[in-house]
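Here are the chains, one letter per residue:
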Amino acid sequence: MAKKVAVIQGNTACALGAVYAGCNFFGGYPITPSTEVAEVLSEELPKVGGKFIQMEDEIAAMASVIGASLAGSKALTATSGPGVSLKQELIGYACIAEVPCVIINVMRGGPSTGMPTGPGQSDVQQAKWGTHGDHATIALVPSTIPEIFSETVRAFNLAEQYRMPVQVLFDEIVGHMREPIEFPEPGELEVINRTAPTVPPEKYKPYDTSFGDVPPLAAFGSNYRFHVTGLNKAQDGFPTTKAEYVDAEERRQVRKVESPENAANIEKNEEFKCDDAEVLIFAYGSTARSARYAVNKLREQGIKAGMFRPITLWPFPEKRVAALGKQVKAIVVPEMNLGQMILEVERVTKGSCALGGVHRVDGEPINPDQIMSKVKEVM
Amino acid sequence: MSYDYDKWIRPGKLPHIWCPGCGHGIVMKGLIRALDICGLEKNNTAIVSGIGCASRLPGYIDACTLHTAHGRAAAFATGVKMAKPEMTVICCGGDGDGTAIGGNHFIHACRRNIDMTYVLMNNHIYGMTGGQFSPCTPTGAKASTTPYGNPDPIFDISKLAIGAGATFVARTTAFHATQIDKLIAEGIKHKGMAVIEVVDDCPTTYGRRNKFRSVVDMMKVLKDTAVPVVAAAKMTAEQLEGKILTGVLYQENKPEYCEQYAKVIAKAKGA
């Protein structure tokens, strides 16, 4: 039987991807340009017995998502710009309390109210550093409509697998662009659910590291009861200020994402004509669409260009970018911000090649000509 | 009647953090009696709080307990309740947590009439941070941030809850210990948003700045200012000046939020 095909916008693909992943709770607040994610889920979730709630503000939306997840739901919120800023407090809560959840950020220009209907990529460092305190971050940056669907599924998988918030960042361009998508059949994409405890209830500790760096998570309302707090806590979940516990827990929570083994599992990149590349374009999200076009055009002109496209932006693909930095003469980083991920590229390439940034913050996409000019300039 | 306190006290978690003379412990005992009166199951009971002295309460109770971020208890609790409507959900916290930083969540939980019970301990001050004025600090009172006396008017929490749409609103004080459990139990049994305001005291950060010589003096004020609603009906406005009404202040039956959402699901599935 032929697969179901449709032409839909990125925000719709995101919502349908969430349903595919088994999302059964959405808590949100209206904000351009992400609102369609909420609108579609308000219609789709109750059809599968899921819950949709429009909360009183962005903070409440994030809070409801964490509460629902602790009660066993696969929970999602979607927002943009100022909404992400407001959610940062509780993204940190989900980090320290290790509560699986997915946050969609359809990026627009900023700061503040900025340009609500224009695209931007200026939240990419905020995704890593936005909430206070040391913590690990997983952030995914799809660039096509089918990829928004599949990366939303993967975001749920990673959230459940690593017991933490996962952010999916795309921008207004792909959020509102319509593209064909062939919907995966049920079972075609892997769907991962959190590991539930198997110990007797009286032995359960919500942060029991004897099960590894990602302790099993029980649900409220099951046979297990436990305490959750945003304070630094010991393995039993109760607050502690004992230096050795605090230190061990903080380091474990970073290690579960950034250890080489786990980071390799989370990392996902596309390399387009990189094998013989002499100049590399590091591009992500909708900007990668222009970069792909630029690579082909440059090759027609005899310039050996390639594109490296992180699909997992955080943790940053350090090793691969460092290796490519030694291979190529120059790396060009186009971004709809004033230079954010170029800082990471600069950090890991350690001066092994020339660097050039292409930046726009006027609400217009970066076009291939701008990228090609910069490539020629740095070569 | 005897109550099974041991059943609900989490083993190994006492002593609590509260100062001698603080009313929160009296409220916690009242809450435990209410849990016992209602015959709740521990695994099916969620107790959710924000940040502050009063919000440390859930850690001492042997149930599904969630100590959230400052002011956010009602919003987290809404997620828990929506996800598992069969659970009994109780929020607890203080006046600053619930009506200042958490005011928006508080009024909207009331508006939705979601089936939860919010036990709000009003000690008129931010105790944990050392005694700054809250939206419930009496005008003129001294706090660490009102050295010249508090210029702010106060929130009447119960009136706020009624105005926002809560369908069971009651008030008592830490002095009236035996009324606390009865009102909380009624709130738990009520289908919809129940707010139980318990006016209590903070001798450490409020009492000593406001010329209360002892905890007994503070308790005496709670005793003397409380007027049961029944008695108040026969009193003049002049006689009621400076008094607080206690007992069940408001109760009505209205559609409950999770039940309403269940209808949405039925409609979506039928469509």
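Residues numbered from 1 in each chain as written. Chains lettered and ligands numbered in written order. Predicted model: local features only at pLDDT ≥ 70, side-chain atom pairs only at ≥ 80, totals over all residues. Heavy atoms only, no water.

## Concerning the overall build of chain A
Keep this limit in mind: The numbering of helices and of strands both runs from the N terminus, where a helix is a DSSP run of H or I of at least 4 residues and a strand a run of E of at least 2. Note on method: radius of gyration uses C-alpha positions; expected globular size equals 2.2 Å times residues raised to 0.38. Note on exposure labels: buried denotes an accessible area under 20% of the residue type's maximum, exposed denotes more than 50%, and partly exposed covers the range between, all computed with a 1.4 Å probe on protein chains only.
Looking only at helices and strands, chain A has 13 helices and 16 strands in total. In terms of overall size, chain A behaves like a compact globule, its C-alpha atoms giving a radius of gyration of 21 Å where 379 residues would be expected to give roughly 21 Å. If one aligns the C-alpha atoms of chain A with their principal axes, the spans along those axes are about 70 × 45 × 45 Å. In chain A, which comprises 379 residues, the share counted as buried stands at 61%.

## Some points on the confidence of the model for chain B
Put simply, the test is: For every residue, the predictor states its confidence as a pLDDT score lying anywhere from 0 to 100.
Looking at chain B, the pLDDT average stands at 97 and 100% of residues meet or exceed 70. Across the whole predicted complex the pTM is 0.98, and at the interface the ipTM reaches 0.98.

## Looking at the environment of Pro20(B)
All names here are of chain B. To keep it simple, the criterion reads: The criterion used for residue contact is that any of the two residues' heavy atoms lie within 4.5 Å.
Here Pro20 lies in the loop between α1 (5-8) and α2 (24-38). Residue classification places Pro20 among the exposed positions, given a relative accessible area of 75%. Dropping the residues within four chain positions of it, Pro20 is found in contact with Pro203 and Val215.

## Regarding the packing of aromatic side chains
Which entries qualify depends on this criterion: Stacked, edge-to-face and tilted are the three classes for Phe, Tyr and Trp ring pairs, Trp counted by its six-membered ring, which pair at centre distances within 6.5 Å; planes under 30 degrees apart are stacked, over 60 edge-to-face, the rest tilted. Note on geometry: a ring has a charge over it if NZ (lysine) or CZ (arginine) is within 6 Å of the ring centre and within 35 degrees of the ring normal.
Applying the stated rule across the entire model yields 15 aromatic pairs over all chains. Consider the rings of Tyr93(A) and Phe76(B), whose centres lie 5.1 Å apart with planes at 70 degrees: the pair is edge-to-face. Residue Tyr93(A) is found in helix α4 (residues 81-97), and its partner Phe76(B) is found in helix α3 (residues 73-83); the two belong to separate chains. Grouped by ring-pair contacts, the aromatic residues Phe282(A), Tyr284(A), Phe308(A), Trp314(A) and Phe316(A) constitute a single cluster. The residue whose ring lies beneath Lys233(A) is Tyr207(A), and the NZ or CZ to ring-centre distance is 4.1 Å.

## Considerations on the interface of chain A and chain B
The line we're drawing: Buried area: the accessible surface (1.4 Å probe) lost by two parts on joining, summed over both. Whenever Lys or Arg places a side-chain nitrogen within 4 Å of a carboxyl oxygen from Asp or Glu, that contact is recorded as a salt bridge. The residue classification treats Ala, Val, Leu, Ile, Met, Phe, Trp, Tyr, Cys and Pro as nonpolar and Asp, Glu, Lys and Arg as charged. All others, Gly included, are polar. Strand pairing follows a simple DSSP-based rule, namely that at least 2 bridges must link the two strands.
Of the residues lining the interface, 42 residues belong to chain A; the matching set on chain B comes to 37 residues. When the two sides are added together, the surface that chain A and chain B hide from each other amounts to roughly 3,100 Å², 60% of it contributed by carbon and sulfur. Scanning the region where chain A abuts chain B turns up four salt bridges. A salt bridge links Arg112(B) to Glu56(A); its shortest N-O distance comes to 2.6 Å. Grouping the amino acids of the side of chain A that touches chain B by side-chain chemistry returns 23 nonpolar, 12 polar and seven charged. As judged from the three bridges shared by strand β10 (residues 227-229) of chain A and strand β2 (residues 64-67) of chain B, these two strands associate in the parallel manner. If you follow His227(A) over to β2(B), its bridge partner there is Thr65(B).

## Describing helix α1 (residues 10-20) of chain A
Residue and element names in this part refer to chain A. The buried fraction of α1 is high, at nine of 11 residues. Within α1 the residues assigned to the buried category are Gly10, Asn11, Thr12, Ala13, Cys14, Ala15, Gly17, Ala18 and Tyr20. Count one or two residues on from α1 and you reach Gly22, which has phi positive near 95 degrees.

## A look at the sheet that holds strand β11 (residues 269-272) of chain A
Residue and element names in this part refer to chain A. Note the following rule: To obtain an axis, a line is fitted to C-alpha atoms, over the contacting stretch when the element is a helix, and the angle between two such axes runs from 0 to 180 degrees between their N-to-C directions.
Spatially, five strands are ordered β11-β13-β12-β15-β16 in an open sheet, and the strand pairing comes out mixed. The open sheet has two free edges, formed respectively by β11 and β16 (354-359), since each of these has just one partner strand. Between one strand axis and the next, the sheet turns by 20 degrees as a mean value, whatever way the strands run. Note: strand β12 (residues 279-282) against strand β13 (residues 305-310), four bridges, orientation parallel. Residue Ile281 lies in a different strand from β13, and its bridge partner there is Met307. Running at roughly 160 degrees to strand β15 (residues 330-335), helix α12 (residues 341-349) makes contact with β12, β15 and β16 of the sheet.

## Topic: the pattern of salt bridges
All names here are of chain A. Evaluation of the coordinates by the stated rule reveals 38 salt bridges over all chains. Residue Glu188 is joined to Lys3 by a salt bridge in which the shortest nitrogen-to-oxygen separation is 2.8 Å. Here Lys3 lies in the segment before β1 (5-9) and Glu188 lies in the loop between β9 (178-182) and β10, a separation of 185 residues in the sequence. Linked by salt bridges that have partners in common, Glu98, Lys233, Glu249, Arg252 and Lys256 make up one network.

## What to know about the pairing of β16(A)
Where β15(A) meets β16(A), six bridges bridge the pair, whose relative direction is parallel. Residue pairing across strands places Glu335(A) opposite His359(A), the latter belonging to β16(A).

## Comments concerning the side chain of Ser143(A)
With respect to the helices, strands and loops of the structure, Ser143(A) is situated in the loop between β7 (138-140) and α6 (145-162). In contact with Ser143(A), not counting residues within four places along its chain, are Val174(A), Gly285(A), Ser286(A), Arg289(A) and Arg309(A).

## Looking at the domain arrangement of chain A
Residue and element names in this part refer to chain A. The condition is simple: Boundary definitions for the domains trace back to an automatic or database domain assignment. Contacts described as polar in this section are N or O atom pairs within 3.5 Å, which, within protein, must combine one atom able to donate a hydrogen with one able to accept it, while residues neighboring in sequence count only if both atoms come from side chains.
According to the domain assignment, chain A contains domain 1 (5-182), domain 2 (201-264) and domain 3 (269-378). Each of domain 1 and domain 2 was reduced to a C-alpha centroid, and the two centroids are 24 Å apart. Across the contact, 19 residues belong to domain 1 and 25 residues belong to domain 2. For the domain 1 and domain 2 pair, buried surface summed over both sides reaches about 1,700 Å², with 57% attributable to carbon and sulfur atoms. Considering only the surface of domain 1 that becomes buried against domain 2, Leu70, Ile96 and Arg163 emerge as the three largest contributors, covering 39% of it. For the pair domain 1 and domain 2, the number of links is three salt bridges. Linking Glu98 and Lys256 is a salt bridge whose minimum nitrogen-to-oxygen distance equals 2.8 Å. At the junction of domain 1 with domain 2, the criterion picks out 12 residue pairs in polar contact (both at pLDDT 80 or more). Secondary structure elements with two or more residues in the side of domain 1 that touches domain 2: α4 and α6.

## Some points on the packing of helix α3 (residues 58-70) of chain A against α4(A)
Residue and element names in this part refer to chain A. The cut-off we apply is this: Roughly parallel means an angle under 35 degrees; roughly antiparallel means over 145; roughly perpendicular covers 65 to 115; every other angle is labelled oblique. Note on convention: near helix rotated counterclockwise from far helix by under a right angle means a left-handed crossing. Clockwise means right-handed.
Put simply, α3 and α4 touch, their axes get as near as 8 Å, and they point 30 degrees apart. In terms of orientation, α3 lies roughly parallel with respect to α4. Note on packing geometry: the crossing formed by α3 with α4 is right-handed. When α3 is examined against α4, the residues Glu58, Ile59, Ala61, Met62, Ala63 and Ile66 are found in contact with a partner set consisting of Gly83, Leu86, Lys87, Glu89, Leu90, Ile91, Tyr93 and Ala94. A class-by-class count of the residues in the contact of α3 with α4 yields 10 nonpolar, one polar and three charged.

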